[in-house]
Amino acid sequence: MDRASWARLSAAVILRSFCALSLAVASAHAAAIRASNDPVKDERPITAKDREHWAWRPLIKVDAANLDAVVAKKTPIENEADAATLIRRVTFDLTGLPPSASDLSDLSDWSDQKYEALVGRLLDSPRYGEHWAQWWLDLARFAESDGFEFDAVRERAWQYRDWVIAALNADTPLDVFVQQQLAGDLTGAETATGFLMAGPDMPDVNNQVERRHIFLNDMTATVGTVCLGLTFGCAQCHDHPYDPISQADFYRLRAFFDATVMPKERKPMGPVARVVTDGVPASVVFVRGESKRPGPAVQPAFPRIGLMAPTEAEKLDRVALAKWITSRDNVLFARSMANRLWQQHFGKPLAGNPGDLGHQGEAPTHPELLDWLAAELPRQNWSLKKLHKLIVMSRTYRQALPQQRRLTGEMLRDTLISLGEGLNTQTGGSSVRLPLPKEISDTLLKKQADITPDAAQHRRRSIYTFARRNQRNPLFELFDRPDAQASCSRRNESTTAPQALAMLNSDFVHETAASLSKRLTTAHGSETEKIIEEVTRLCLSRNASQAEIEAGKAFIEKQVTLAGSFDEAVKDYCLAVLNSNAFVFVD
């Protein structure tokens, strides 16, 4: 396919097709497609009935002293998990890494005070920001290359990633965190605006007007999805068929970004937004979403479905938009963020689709709990760490019920490295380029398969590895890392045969098993029982049961005959443990 063909395959075309398909399965809330030649003149007013949907009503006032009191109104709270399960759960949750040997050293002497001290250490660790940054980077559709045919590298994109990590570690209030990403270039935090510039792009396309149009539409749709929890992008071609968002609403929101500078032709995006005042095209509605059909002019304005309107004296720039979005009175922002946080801790959100709180999304299973959490965010001065602590200290979180959350690809890789040669905890800086299988590297363009020469860098955390849009790391791709073509509010969690085959046969996992085996035999010689106990503590974060010890002894004894040596038998035992569900799942 040539470049012109790629250009025609624009986000607008794809979205038009998607929205048309959606109408084939229209629900009772769907309206007829409204794709007027004058979307401003024909804009449908928002009615009182439109405002009845749960997501844009005022927050429910909940009379409850704490999170557990809210949960207990609807669901009984079970007994607390044992110490080992809880330590593994909260450590993976807050840092994405397994617990240390010292944290598991005396499970019999466990108390609320020790648990609270552990939570404090985890939140203060630099590993916290490295783990939680990936959650935000998924939303930001972060990658370090353009995508499309040439997938050109964005040499300084990693600076935005490092900004996110540092901001989370510093516990930057969530409202400020988001404001800086929408308008940091206007307020002294310009690297933060990498959020706006992170989407896919085709800098070498012949039609630069079309390039700008597609990129700004993607930027607008992403802000709507991430910050308001609505599928705003569906309104770039016609009025939203389900929610009270008009095409004019979409382009009024886009008007806040119309002065954003695009890099010159054939130049990749940087991590910083720029603003110009001269030669900026007028903000208009594009009829049917087509860049060649500019329609009536529009001015920047907040979405009409919002509960707040600007004051007459307010200057409507990106700073004003950022403050409006993050206002305490914006229930969409508060609900959306509270829902996302709950999902990250419990494996599923309270409202089924975190990127769509509108009519096509699922209503919350526990609306009072969602609204209590949404109100708690500003009560905690938008501190994510305080809300994390509130959640993980609750009896609800500490229940013995299995959560069945699988490690992400990044968590899995980091854990395997920490068990093998040991994790390189260097922070920040240019991304590490990892070796790729030959069958993949042979398909890449010149220099795309370059490898960081220092092998010690290959053991750095996954957050610091180079994120190419068109080629994800094979392990990450197998375990459902999103492709960064669009904002991802909730990762898939597939179960496939290639996942099992990779864990059983890949060189990486075999090397981990060999390193772990050598470590254990060096420490314990041929004392099989001690080796089994140590493998269990390191890999599964708990003590081995007597049944596991006996089964492990029998396996190693048999494997010595088959593998030819005790060391090889221990390696095979380590490989078996690394392939167990108890290892791949948090609890």
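To be clear, the structure that these remarks concern was listed above.
Predicted model, so just to flag it, every value in this text is computed and none were measured. (Residues numbered from 1 in each chain as written. Predicted model: local features only at pLDDT ≥ 70, side-chain atom pairs only at ≥ 80, totals over all residues. Heavy atoms only, no water.)

(A) Broad picture of the overall build of the chain. Scanning the chain from N- to C-terminus turns up 24 helices and two strands. In summary, the chain has a C-alpha radius of gyration of 26 Å against a globular reference of 25 Å for 587 residues, a match within 12%. Taking the principal axes of the C-alpha coordinates as reference, the chain spans close to 80 × 60 × 45 Å. Once local pairs closer than 6 in sequence are excluded, the contacts in the chain between residues at least 24 apart make up 73%. Here the chain has roughly 25200 Å² of accessible surface; of this, 53% comes from carbon and sulfur atoms. In the chain, the 70 positive side-chain charges and the 74 negative ones have mean positions that sit 4 Å from each other. (Helix = DSSP H or I, 4+ residues; strand = E, 2+ residues; numbered from the N terminus. Rg over C-alpha atoms; globule rule 2.2 N^0.38 Å. Contact = heavy atoms within 4.5 Å. Areas by Shrake-Rupley, 256 points an atom, 1.4 Å probe, with all protein chains shown as cover. Lys, Arg positive; Asp, Glu negative; His and termini not counted. Charge placed at Lys NZ, Arg CZ, Asp CG, Glu CD.)

(B) Broad picture of the packing of aromatic side chains. Throughout the structure, instances matching the rule amount to 16 aromatic pairs. Measuring from ring centre to ring centre gives 5.7 Å for Trp-135 and Trp-136, while their planes differ by 70°; the resulting arrangement is edge-to-face. For Trp-136, a relative accessible area of 1% gives the class buried. Look at Trp-136 and Phe-195: their rings are 5.9 Å apart centre to centre, the planes differ by 35°, and that puts the pair in the tilted class. Within this pair, whereas Trp-136 is found in helix α6 (residues 126-139), its partner Phe-195 is found in helix α9 (residues 194-197), the two being separated by 59 residues in sequence. Taken as a pair, Trp-136 and Phe-195 share a single burial class, namely buried. Through a chain of ring-to-ring contacts, the aromatic side chains of Trp-132, Trp-135, Trp-136, Phe-142, Tyr-160, Trp-163, Phe-177 and Phe-195 assemble into a single cluster. (Phe/Tyr/Trp six-rings, centres within 6.5 Å; stacked < 30°, edge-to-face > 60°. Buried < 20%, exposed > 50% of the residue type's maximum accessible area, 1.4 Å probe, protein only.)

(C) Quick look at the side chain of Asn-424. On the secondary structure map, Asn-424 appears in the loop between α16 (409-419) and α17 (438-441). Here Ala-456 takes part through its backbone oxygen, which lies 3.1 Å from a polar atom of the side chain of Asn-424. Those residues within four positions of Asn-424 in sequence are excluded, and the remaining contacts are Ala-456, Gln-457, Arg-459, Arg-460 and Arg-461. (Polar contact = N/O pair within 3.5 Å; in protein donor to acceptor, adjacent residues only side chain to side chain.)

(D) Inspection of the environment of Lys-114 at higher detail. Mapping Lys-114 onto the fold places it in helix α5 (residues 112-124). Remark: the alpha-carbon pair of Lys-114 and Asp-507, spanning 393 residues in sequence, is separated by 39 Å.

(E) Examining helix α23 (residues 566-578) more closely. For α23, built from 13 residues, the straight-helix expectation of 18 Å at 1.5 Å per residue is met to within 8% by its first-to-last C-alpha distance of 18 Å. Listed in full, the buried residues belonging to α23 are Ala-569, Val-570, Lys-571, Asp-572, Tyr-573, Cys-574, Leu-575, Val-577 and Leu-578. Its buried side turned inward, α23 meets α16, α19 (497-505), α20 (507-524), α21 (528-540), α22 (546-563) and α24 (581-584). (Expected span 1.5 Å × (residues − 1).)

(F) Main features of the pattern of salt bridges. For the structure on display, the rule yields 37 salt bridges. Between Asp-112 and Arg-398 there is a salt bridge, and its shortest N-O distance comes to 2.7 Å. Of this pair, Asp-112 sits in helix α5 while Arg-398 sits in the loop between α15 (384-392) and α16; the two residues are 286 residues apart in sequence, bridging distant segments of the chain. The class for Asp-112 is partly exposed, based on a relative accessible area of 46%. Residue classification places Arg-398 among the buried residues on the basis of a relative accessible area of 6%. (Salt bridge = Lys/Arg side-chain N within 4 Å of Asp/Glu carboxyl O.)

Spatial relationships are all this shows, so hold off on functional conclusions.
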